[in-house]
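# Close look at the chain arrangement
These are the residues of each chain, in order.
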Amino acid sequence: EVDVRKWVKDSGLKDQVDVTTSDGTLSLEIKDQVLFGSGRHQIHSQGATALRNLKSVLERIPAPYQLGIEGHTDDTPIHTDQVRDNWELASRRAHSVFMLLNLSEDLRKRTVLMSHGPMKPIANNRDDQGRPILKNQIKNRRVTLRVF
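Just so you know, these numbers come straight off a predicted model, no measurement behind them. (Residues numbered from 1 in each chain as written. Predicted model: local features only at pLDDT ≥ 70, side-chain atom pairs only at ≥ 80, totals over all residues. Heavy atoms only, no water.)

### Remarks on the overall build of the chain
Selection criterion: A helix here means a DSSP run of H or I that spans at least four residues, while a strand means a run of E at least two residues long, and both kinds are numbered starting from the N terminus. Note that the radius of gyration is over C-alpha atoms, with the globule rule given as 2.2 Å times the number of residues to the power 0.38. Between buried and exposed lies partly exposed: a residue is buried under 20% and exposed over 50% of the maximum accessible area for its type, with that area taken using a 1.4 Å probe on protein chains only. In this description, contact between two residues means that some pair of their heavy atoms is separated by no more than 4.5 Å.
Within the chain, the regular secondary structure consists of six helices and five strands. In sequence order, the chain lays out its α and β elements as α-β-β-α-α-β-α-α-β-α-β. Relative to the 2.2 N^0.38 estimate, which gives 15 Å for 148 residues, the radius of gyration of the chain is 15 Å and therefore close to what a compact globule would have. For the chain, the spread of C-alpha atoms along the principal axes amounts to about 45 × 30 × 25 Å. Buried positions account for 43% of the 148 residues belonging to the chain. Counting only contacts in the chain whose residues sit at least 6 apart along the sequence, the fraction spanning at least 24 positions is 64%.

Listed below in structure tokens is the structure:
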């Protein structure tokens, strides 16, 4: 946990990455704009640099701990020539993070990719009248790394 918090501080990401621990699980909630453009799954150069720096921390995860890479979106429907829906976008984001990290074979064997799409928001996407709450939708677009 100390190494992860140090990485967040050293990377200047304390406002964009939340580190929490609960029930023996370490979680890093990385806001989507740190890694991706809106509605995109290709990691931009700043996000790539941050993830490459994180790799050295992740590679120290001892067996039998596992690494989960989870993609999340808000509830605004998306359809582009690259993704059909939020589930696919979240899945591709998790996969992009996994591929960029280029983990050791040992850690790859202990890594799980998940797509939650819009199903696990950390804040309500909409108000009581069904109108979007932009600041909450921004919070819900994220990638979570979990050590469990």
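### Regarding helix 3 (residues 45–58)
Within an α-helix, residues lying three or four positions from one another point in the same direction, as the helix has 3.6 residues per turn. The test is simple: Take the number of residues in a helix, subtract one, and multiply by 1.5 Å to get its expected span. Note that the arc is computed from the directions linking the helix axis to the C-beta atoms.
Given a rise of 1.5 Å per residue, 14 residues ought to cover 20 Å, and the 20 Å separating the end C-alpha atoms of helix 3 matches this to within 8%. Among the residues of helix 3, Gly-47, Ala-48, Ala-50, Leu-51, Leu-54, Val-57 and Leu-58 are the ones counted as buried. Down the axis, helix 3 shows its buried residues gathered within 160° of arc, on one side only. Facing away from the buried side of helix 3, by more than 90 degrees, are the exposed residues Ser-45 and Arg-52.

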